[in-house]
Protein chains: 2
Amino acid sequence: MHAVSLVAFAFWQTDATGPINDGRQFLWTALSVGIAALLAAWLLAHSVLKADSGSAEMQTISNAIREGAEAFLRRQYKSISILAVVIAVLLYVGYSLSPRTAPYAINVVISFLVGAFCSGLSGFTGMYVSIRANIRTASAARSSLNKALQIALRGGAVTGLVVVALSLIGIGVLFILFGGLEDPRHVPYQLVGFGFGASLVALFAQLGGGIYTKAADVGADLVGKVEAGIPEDDPRNPAVIADLVGDNVGDCAGRGADLFESTAAENVGAMVLGAALYPVFGLKGILFPLVIHAINLIASAIGVIFVRCRENEADPMHALNKGFYVTSAIAFVGIAAAVYTMLQGRWWLLGCGAIGLATAFLFVYITEYYTETRYRPVQDIAKASATGPATNIIIGLAVGMETPALPVIVISAALLLSYYFGVRGLADADIPFYAKGIYGTAIATMGMLSCAAYILAMDTFGPITDNAGGIIEMSNQPHSIREKTDKLDAAGNTTKALTKGYAIGSASLAAFLLFSAYLEEIREIVIHKVGDAHGIMPANWTFTNINLASVPVFVGALIGAALTYLFSSLAIRAVGNAAETVIKEVRHQFKENPGIMAGTSKPDYARCVHIVTGAALKEMVLPGALAVITPIAVGVGFRLFNDTYAATVIVAVPTINGIPINLCGAEAVAALMMVGTISGVLLAMMMNNGGGAWDNAKKFIETGAYGGRGSEAHKAAVVGDTVGDPFKDTAGPSLHVLIKLLATITLVMAPLFV
Amino acid sequence: MHAVSLVAFAFWQTDATGPINDGRQFLWTALSVGIAALLAAWLLAHSVLKADSGSAEMQTISNAIREGAEAFLRRQYKSISILAVVIAVLLYVGYSLSPRTAPYAINVVISFLVGAFCSGLSGFTGMYVSIRANIRTASAARSSLNKALQIALRGGAVTGLVVVALSLIGIGVLFILFGGLEDPRHVPYQLVGFGFGASLVALFAQLGGGIYTKAADVGADLVGKVEAGIPEDDPRNPAVIADLVGDNVGDCAGRGADLFESTAAENVGAMVLGAALYPVFGLKGILFPLVIHAINLIASAIGVIFVRCRENEADPMHALNKGFYVTSAIAFVGIAAAVYTMLQGRWWLLGCGAIGLATAFLFVYITEYYTETRYRPVQDIAKASATGPATNIIIGLAVGMETPALPVIVISAALLLSYYFGVRGLADADIPFYAKGIYGTAIATMGMLSCAAYILAMDTFGPITDNAGGIIEMSNQPHSIREKTDKLDAAGNTTKALTKGYAIGSASLAAFLLFSAYLEEIREIVIHKVGDAHGIMPANWTFTNINLASVPVFVGALIGAALTYLFSSLAIRAVGNAAETVIKEVRHQFKENPGIMAGTSKPDYARCVHIVTGAALKEMVLPGALAVITPIAVGVGFRLFNDTYAATVIVAVPTINGIPINLCGAEAVAALMMVGTISGVLLAMMMNNGGGAWDNAKKFIETGAYGGRGSEAHKAAVVGDTVGDPFKDTAGPSLHVLIKLLATITLVMAPLFV
């Protein structure tokens, strides 16, 4: 950590006293922090790996998990690589078709490939450490709760730091390579490929991982608990290793790619907007988001170090929350310093950052309210379980549908306030109101993401402790140790739920930012197109008019919303299909080898892992393809509509040879993206929180309420928990990624839509 | 029926040869058809009522149902009346506050009260006949399937004819009273109160009825089937009469008010748009929607007469479908004649009508695909039931989420095509493109609703046959008769599902129409406001720019979408709460009087009915209030935002003393309405079709699949069916009404938003 603090110190020094005033030093500083963070991650990983790795029995289990997870990731990355190469070729061809975009073709393709590679690397690193930290957490739990907690969190922190650092370094280096220091205003548009590459990998990583984890979980439970009557994580169940593998590939690799994408998309979007503000802040406005992520890295690393708990601590969440507070406080101070040095000390803009941080806090609290045992929603579901599975499901769905209300109010307030603060903060700048306000919302998004690395560490903490618990259970350790890992596991469940709330919150804030970046990009494209063809460009024309009263825009909106439903349906169904192959395989093994149930011979774990892998990878194709193809089809297809469909000719339109530019496709895609985002955010909240609430209602009953384990209420609660699984771990998180993919794909394909 | 055909004949005569050319004769003709339809409905009711009313035992049951239903409706209408009076006063005060709107205050309040009254009367009539037709259908089933089918359908047709006729007469008479024949261009704006009155009553009728019906159903099932182990409709269950009452108050009264509202809102919206087209069609354009509904009445009456089936018919749906085809064919010819005589024979506009009819057909087919036993979706759910309730629910939800995709494509195509046809059909008219296209979509909506009376007859057929089956079951009739009523009941379940598909389809088409009417109304309001204050009005200014890129508009959209989730959550939870009171009461009766289970003494049906009534009426308040208050709060609250939030100043804005008119509230409400509609339509489809599919998966298993009745698969399917109940009969239909309420409330409150 020493390196990090050194660089941090250098950062403030350079900034306060540096003689160069063009802002380049900020880029160098941010990049240095990024590299230092990678170093810190390496040190953290090293310290985790050198911890004791438990008994031989534990190692056997851990090795099986590791092999399964690595085998899945190898096959998954192979599929995604092929796809990425195909898309890279298509991108190149697409950009080369038009003389306007041809010069950028190679840059966009490079940034796409780098983004995809970094996204994959983020997922891989997260998993690499977590499948090694699990056994070390389990082993540490044999002696100390605090040590176990710290190993698990530091394992998670490796992911957090690597994800954010890779996003920062990837974008920073590309920015320099593409000549950003010479021509800063136009380079951000060439970086959109980076966001798209990240999104594409994240989509398939989250879909494939999410399907894998829940197919293995549901399959193992249905055939194990229900049919064979053996407990969860019982070593006789052939699918039990696949289930533990699933936690890693779904939660670690999936969410790693998801949050990598969030920071990447947000970075690129904010740089595009920064380019629009060049007259005010120059290069500094463009580099601001990178500096914020440097702060994020420093604050999160310090936050992680702060986390420790007493050995008799009842709830390790307290310790984790303390780290979160520390991180946020440092991040706030960092943002203030950055506003002072880079944004001319316009304090209203610091207000925007504060709004972003407050939004993060509120989202975490609201998610806690809806998913924690002690509050009304989970209690209601538990109570409803007493009258059977039907009422458990009905109330669970009612809770799920109730959950978007408060977050929507928070998001609405955050958008309106940060817009207002942005306008106030830039009151004297000679740019349109709209650009000022939108920059305000962009800073709020950065504020919200300024603790992303810590949140990600907490998130990865979840599967590590989950696995640690599984390893303790399977290796027949004493009950007192299981109690420790249970505490950690419960905290891990909470952090996983909170991260989802945070991820969806930041996705909805970032959506507006990316939407604005898209509008800005279409404007640039139109200006160049009209300029090249010597057409007529109305004075001060902007593309900021996505009119819901226009039929194609409304239809685009309708299609965007319907896409989120169909996508969720396909994702949920994919879990069902893949689970079925697991069930068949387990039944087959039980029949083939009766020694398994008798405990005299070991099941073939690897074959199960192999089968789920194949099924999950097959099932991710359809929803993934739908997500990629729909926006492109609408953008290109709606270009065929002529100006018959324009709502009204109240705005002067750019023309070429007297023919107005056809913006039908670009507008319909904008609506698809915006309303798809709204619908996707609400659906994802319903599924994430509903699923989390079902899960904890079951856990609450298992503590003895309504008859406890084995009662009818418990059986009903298990049904709810099983229904919630594909909701909260497959469809919900995949929707996060879908939302951002819609934004990045429209950004990168924008030249095709005009 | 003779009267109807005579009037129909007169209609064509007058039109082709009439000397008066201002179009008044169309109003008189339409009103005559409306009155003739009421007469026809009376004759139909008379013919149904004079049919044999069965054995004394059957009558006892039927009387209990009738008393319960009437008692509920009395109490419900009392609550709604109080509410309506309060709102009427508020409306009057609101309109009187501003000198611009004060002259219309009394007219708007009158039309509100008339709309509310007609809506209530529609619901009441539907139920009056259906609770009497049920026993006559049961009795007829003892001798002839065809007779039973005809009695049930004609009972339903009374509702269909009364609903459409009241809407036609109500609006027509108000139009004359308010001086529409002298000043046709401004009267349609004063009729918006009619639509709002209809919506308000429909909202509470549907919510209250929907909560009642499912609370009684779920409560009766849980305590009867699950706890006491007695079959459905067993006379020992104290809640069994409440359950049968529920079918009437939910399906008849609720859906009657729902479709009354659809036709009313569509009529008013189309007349407002017709007023904008006054330069082209004069009075005829404004009266066109009324004439379409006259055609609707004639076509549907003839369609109903055509329905008959063979005694050994396997599926009465064939007969019902035949009637639908006849109705549609006549409606199409009627629309063609109306286009020829009223719209200057612009055949492209007939194309719009054809698109509407085709949309109705496609929605019916798609709904069939998703909810009928023989297709993949229901089969999938049945198959998933074999692995328990969890997989049944997961696949059911996946099916539900899949359902919006095809309807959305149909709606999109219908909107785009009818817009295009509208522009072509009015190519030579000197009005903006947008007005032409929107009139095209309006005619498509009218086309879709031109068979509404027949659809409504099919819908009310559902609860009548359901009740008939219940009466046969409870009065211990022979199995062969039960077989006949089972056939009718199955057809009734299908028609109920189809009507919901049709209702949501027409709601989504009509949304665009009402949205345009709202934009048009805001334009009028601004023009008057600016004119009165001697402000500056830019030339050709229109309010047709609801820009999603503007933050308040986006926030309005977000709130609209979130509203549909919270509303659904409250509606579903209301069922749970009300069902709990039922369960407690039944348990209490069983405990208090052990003779009930022994069969020696009769349970107190009336007390159960009384208790559900109170619970349902209490539970409808919260979701109802939310639906009414949210749009008003946004419209009025967002007025406080100043022009800081305007996206860009690309359009010249009307000003008063140099200050631009603040349109923030009006725009945010428009987005709330549009995106709320999109989200509501998709959620409603998910819930209606998912619920229908669960229901039929259970029925499919009951035919012997996967082990048949009593198997584990059947138990799982029962869970799915129970979950689907509040989906498809409470929340889904209530969302239909919510969507239209959002549209009418924004229309009527529009003066407050500017």
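The structure under discussion appears in the preceding block.
Residues numbered from 1 in each chain as written. Chains lettered and ligands numbered in written order. Predicted model: local features only at pLDDT ≥ 70, side-chain atom pairs only at ≥ 80, totals over all residues. Heavy atoms only, no water.

Broken down by element type, chain A carries 24 helices and two strands. The C-alpha atoms of chain A give 25 Å as radius of gyration, which agrees with the globular expectation for 754 residues (27 Å, within 12%). Across its three principal axes, chain A shows a C-alpha extent of roughly 80 × 60 × 45 Å. Across the 754 residues of chain A, 70% fall into the buried class. Pairs at least 24 residues apart make up 84% of the contacts formed inside chain A by residues separated by at least 6 positions. (Helix = DSSP H or I, 4+ residues; strand = E, 2+ residues; numbered from the N terminus. Rg over C-alpha atoms; globule rule 2.2 N^0.38 Å. Buried < 20%, exposed > 50% of the residue type's maximum accessible area, 1.4 Å probe, protein only. Contact = heavy atoms within 4.5 Å.)

Least-squares fitting of chain B to chain A yields an RMSD of 0.0 Å, with the transformation described by 0.0 Å of translation along the axis and a rotation of 180 degrees. With respect to symmetry, the two chain copies, as superposed, fit the operation of a two-fold axis. Across chain B, the smallest distance between a C-alpha and the rotation axis is recorded for Asn547 of chain B, namely 2.3 Å. Looking at the interface residues of chain B, 99% of them are also at the interface in chain A, so both copies use one shared face. (Least-squares fit on C-alpha atoms with pLDDT ≥ 70 in both.)

So, about the interface of chain B and chain A. On the chain A side, the residues contacting the 81 residues of chain B number 80 residues. Interface area for chain B against chain A, summed over the two sides, is near 7,300 Å², with a carbon-plus-sulfur share of 78%. The largest contributions to the chain B side of the interface with chain A come from Met401, Tyr565 and Arg573 of chain B, which together make up 10% of the buried area. Here chain B is connected to chain A by six salt bridges. Where Lys383 of chain B meets Glu580 of chain A, a salt bridge forms, and the shortest distance between an N and an O atom there is 3.6 Å. Taken together, chain B and chain A are joined by 13 residue pairs in polar contact (both at pLDDT 80 or more). Sorting the residues of the side of chain B that touches chain A by element identifies α13 (376–385), α14 (389–402), α15 (405–425), α16 (433–449), α18 (479–532), α19 (551–592), α23 (664–702) and α24 (712–753) of chain B as the ones contributing at least two each. Here the side of chain B that touches chain A gets 17 residues from one element, more than from any other, and that element is α19 of chain B. Grouping the constituent residues of the side of chain B that touches chain A by class yields 59 nonpolar, 14 polar and eight charged. (Buried area = accessible area lost by both parts, 1.4 Å probe. Salt bridge = Lys/Arg side-chain N within 4 Å of Asp/Glu carboxyl O. Polar contact = N/O pair within 3.5 Å; in protein donor to acceptor, adjacent residues only side chain to side chain. Nonpolar A, V, L, I, M, F, W, Y, C, P; charged D, E, K, R; others polar.)

Moving on, we come to a nonpolar patch on the surface. All names here are of chain A. A cluster of nonpolar side chains, contributed by Val85, Val89, Tyr92, Val93, Leu97, Ile106 and Ile110, occupies part of the molecular surface with about 640 Å² of accessible area. Put simply, the parts of the chain that give the nonpolar patch at least two residues each are α3 (56–97) and α4 (102–141). Top element by residues in the nonpolar patch is α3. It accounts for five residues. With respect to the helices, strands and loops of the structure, Leu97 is situated in helix α3. (Patch = residues over 30% accessible without salt bridge, like charges linked within 9 Å, V, L, I, M, F, W, Y side chains within 5 Å. Areas by Shrake-Rupley, 256 points an atom, 1.4 Å probe, with all protein chains shown as cover.)

Inspection of the entire model under this criterion finds 38 aromatic pairs over all chains. An angle of 40 degrees between the planes, with centres 6.0 Å apart, marks the rings of Phe124 of chain A and Tyr128 of chain A as tilted. In this pair, Phe124 of chain A and Tyr128 of chain A are both assigned in helix α4, four residues apart and thus about one turn of the helix distant. Overall, the relative accessible area of 35% leaves Phe124 of chain A in the partly exposed class. In this structure Tyr128 of chain A comes out as partly exposed when scored by relative accessible area, which is 33%. Between Tyr419 of chain B and Tyr434 of chain B, the ring centres sit 6.5 Å apart and the planes meet at 55 degrees, which makes this aromatic pair tilted. (Phe/Tyr/Trp six-rings, centres within 6.5 Å; stacked < 30°, edge-to-face > 60°.)

Next up on the list: the pattern of salt bridges. Residues and elements named next belong to chain B. For the coordinates displayed, the defined rule picks out 60 salt bridges over all chains. Lys728 is the partner of Asp695 in a salt bridge, and the nearest nitrogen-oxygen pair spans 3.6 Å. Taken together, the positions of Asp695 in helix α23 and Lys728 in helix α24 put the pair 33 residues apart, joining distant regions of the chain. Grouping residues by exposure puts Asp695 and Lys728 together as buried.

Okay, the nonpolar core next. Judged by nonpolar contacts, the single largest core of 578 residues is most densely connected at Tyr518 of chain A together with Tyr518 of chain B. Non-local contacts of Tyr518 of chain A, meaning those with residues more than four positions away in its chain, are made with Phe543, Ala666, Val669, Ala670, Thr746, Leu747, Ala750 and Phe753 of chain A. (Core = buried A, V, L, I, M, F, W, Y, C linked by side-chain atoms within 4.5 Å.)

The subject of this paragraph is the packing of helix α7 (residues 192–228) of chain A against helix α21 (residues 605–619) of chain A. Residue and element names in this part refer to chain A. Relative orientation of the contacting elements α7 and α21 amounts to 135 degrees, with a least axis distance of 8 Å. Between α7 and α21, the angle falls in the class oblique. α7 and α21 meet at a crossing whose hand is right-handed. Contacts between α7 and α21 involve Gly208, Ile211, Tyr212, Ala215 and Ala216 from the first element and Val609, Val612, Thr613, Ala616 and Glu619 from the second. Split into classes, the residues belonging to the contact of α7 with α21 amount to seven nonpolar, two polar and one charged. (Axes fitted to C-alpha atoms, helices over the stretch in contact; angles between N-to-C directions. Parallel < 35°, antiparallel > 145°, perpendicular 65-115°, else oblique. Left-handed = near helix turned anticlockwise from the far one by under 90°.)

What follows concerns the environment of Thr630 of chain B. Residues and elements named next belong to chain B. Locating Thr630 in the fold gives a position in helix α22 (residues 621–637). Residues Thr630 and Ile559 lie 71 residues apart in sequence; the distance between their C-alpha atoms is 8.6 Å. Non-local contacts of Thr630, meaning those with residues more than four positions away in its chain, are made with Ile559, Leu563 and Leu672. At 2.6 Å, the side chain of Thr630 forms a polar contact with the backbone oxygen of Leu626.

The next subject is the environment of Phe175 of chain B. Residues and elements named next belong to chain B. Counting through the fold element by element, Phe175 comes out in helix α5 (residues 145–177). On the accessibility criterion, Phe175 (0% relative accessible area) is buried. The spacing of Phe175 and Leu191 is 16 residues in sequence and 7.5 Å in space, taken between C-alpha atoms. The residues contacting Phe175, other than those within four sequence positions of it, are Leu27, Gly180, Leu181, Pro184, Val187, Pro188, Leu191, Met271, Leu283, Ile286 and Leu287.

We now examine the side chain of Thr460 of chain B. Residues and elements named next belong to chain B. Among the structural elements, Thr460 can be located in helix α17 (residues 452–474). For Thr460, a relative accessible area of 1% translates into the label buried. If near-sequence neighbours (up to four positions away) are discounted, Thr460 is found in contact with Ser130, Gly156, Thr159 and Cys252.

Turning our eyes to something else, we now look at helix α21 (residues 605–619) of chain B. All names here are of chain B. Counted at 1.5 Å a residue, the expected span for α21 with its 15 residues is 21 Å, and the 21 Å between its end C-alpha atoms agrees. On its buried face, α21 is in contact with α3 (56–97), α7 (192–228), α8 (240–276), α17, α19 and α22. Taking the backbone nitrogen of Ala606 as reference, a side-chain oxygen 3.3 Å away marks Asp604 as the first, capping residue of α21. (Expected span 1.5 Å × (residues − 1).)

Turning our eyes to something else, we now look at the packing of α5 of chain B against α18 of chain B. Residues and elements named next belong to chain B. Between α5 and α18, the shortest axis-to-axis distance is 10 Å and the interhelical angle comes to 40 degrees. By the angle between their axes, α5 is oblique relative to α18. α5 and α18 meet at a crossing whose hand is right-handed. Contacts from Leu145, Ala148 and Leu149 of α5 reach α18 at Lys484, Lys487 and Leu488.

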